[in-house]
Amino acid sequence: MKARILLISLLFISVGAMAQVASDDPVYVLDSVIVTPSAMGQVSPDRIGVITIAKGAKAVLKYGSQAENGVVYIETKPFARKRVNVLLSNESPAYDSLLRKYGNDSSFYFIVNGKPVTPTNETGLMTLDPKTFRSVRVISEKEVQDKYQVMDRKAGIVITSSDN
């Protein structure tokens, strides 16, 4: 009987101790994979392309009670770039053909909502998703040179998106 009481007591103490170490951290999702907060410290800030924060019933429904403090979605620039390339390839056979021809998008000059995408201003491109995407148009190398005075790109990619 004493052994049973001792076992039950230890069980309740263990459960109580575990409840006290429950984290107030949100769930971190890096490139579509749940990671620990310490793993987030390993991501260099200059590699981050997009950060999105979600909170509420949908977050809890998707990730369970661990998401009661929210979900922080982080995409690295390479991951976001791949996601955008898939979106644009699905929406435009011309874009898909160029991507296959050149092997990657480094030969393209991107213009999002009338603004050129630069290495220091990739936000317009990185945040593109199916909800905000409106259209894509491929322009020739000559048009990129004439209209934008850019001489080192094989094609221009003109993208229109919405803010929401």
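Everything that follows concerns the structure shown earlier in this document.
Residues numbered from 1 in each chain as written. Predicted model: local features only at pLDDT ≥ 70, side-chain atom pairs only at ≥ 80, totals over all residues. Heavy atoms only, no water.

Participant: I'm lost on the pairing of strand 8 (residues 155-161) in this one. Help?
Facilitator: Consecutive side chains of a regular strand alternate in pointing toward one face of the sheet and then the other. Within strand 8, 6 of the 7 residues are buried, which leaves it mostly tucked inside the rest of the structure. Bridge analysis of strand 5 (residues 108-112) against strand 8 gives 5 bridges, and the strand direction is parallel. Bridging across to strand 8, Ile-111 finds its partner in Val-158. Two strands pair when backbone bridges link them, and strand 7 (residues 133-140) and strand 8 are joined in this way by 7 bridges, in the antiparallel orientation. Across the sheet, the residue bridging to Phe-133 is Ser-161, located in strand 8. (Buried < 20%, exposed > 50% of the residue type's maximum accessible area, 1.4 Å probe, protein only. Helix = DSSP H or I, 4+ residues; strand = E, 2+ residues; numbered from the N terminus. Pairing = 2+ DSSP bridges.)

Participant: For this particular structure, what's the right way to read the layout of surface pockets?
Facilitator: Any empty space left between atoms is shown by rolling a water-sized probe over those atoms. Roughly 550 Å³ of internal volume is contained in the largest pocket. If you go around the largest pocket, you meet 22 residues; those closest to its centre are Thr-52, Lys-62, Tyr-73, Glu-75 and Asp-129. Within the residue set of the lining of the largest pocket, elements represented by two or more residues are strand 1 (27-30), strand 3 (48-54), helix 3 (57-63), strand 4 (71-76) and helix 4 (77-91). The greatest single-element share of the lining of the largest pocket, amounting to 4 residues, is contributed by helix 3. Partitioned by chemical class, the residues of the lining of the largest pocket number 11 nonpolar, 3 polar and 8 charged. (1 Å grid on protein atoms, 1.4 Å probe; cavity = no way out; pocket = protein on both sides within 12 Å on 5 of 7 lines; lining within 4 Å. Points joined across faces, edges and corners; volume = space filled by probe spheres on them. Nonpolar A, V, L, I, M, F, W, Y, C, P; charged D, E, K, R; others polar.)

Participant: Please explain the pairing of strand 1 as it appears in this structure.
Facilitator: Here strand 1 shows two buried faces, one formed by Val-27 and Val-29 and the other by Tyr-28 and Leu-30. Judged from the 4 bridges that link them, strand 1 and strand 4 form a sheet pairing that is parallel. Counterpart to Tyr-28 in the pairing with strand 4 is Val-72. As paired strands, strand 1 and strand 2 (residues 33-35) are joined by 3 bridges and run antiparallel to one another. Within strand 2, the position partnered with Val-29 by the bridge is Ile-34.

Participant: Can you walk me through the packing of helix 4 against helix 5 (residues 93-102) in this structure?
Facilitator: Packed helix pairs are characterised by how far apart their axes lie and by the angle those axes make with each other. Contact pair helix 4 / helix 5: the axes reach a minimum separation of 5 Å and the direction vectors enclose 125°. One way to sum up the angle between helix 4 and helix 5 is to call them oblique. In terms of crossing hand, the pair formed by helix 4 and helix 5 is left-handed. Contact residues: Asn-85, Leu-88, Ser-89 and Glu-91 in helix 4; Pro-93, Tyr-95, Asp-96 and Leu-99 in helix 5. Taken together, the residues of the contact of helix 4 with helix 5 break down into 4 nonpolar, 2 polar and 2 charged. (Axes fitted to C-alpha atoms, helices over the stretch in contact; angles between N-to-C directions. Parallel < 35°, antiparallel > 145°, perpendicular 65-115°, else oblique. Left-handed = near helix turned anticlockwise from the far one by under 90°. Contact = heavy atoms within 4.5 Å.)

Participant: Looking at this structure, how should I read the sheet that holds strand 1?
Facilitator: Whenever strands of a sheet pair, they do so through backbone hydrogen bonds, lying parallel or antiparallel. The strand order 2-1-4-3 describes an open sheet built from 4 strands, whose pairing is mixed. Both edges of this open sheet fall to strand 2 and strand 3, since each of them pairs with a single strand only. Strand after strand, the sheet turns through a mean of 25° between neighbouring axes, direction not considered. Examined bridge by bridge, strand 3 and strand 4 share 6 bridges and lie antiparallel to one another. Bridge pairing links Val-50 to Glu-75 in strand 4.

Participant: Can you walk me through the side chain of Ser-92 in this structure?
Facilitator: You can see Ser-92 is positioned in the loop between helix 4 and helix 5. Not counting residues within four places of it along the chain, the set of residues in contact with Ser-92 comprises Val-136 and Val-138.

Read these as geometric descriptors, not functional statements.
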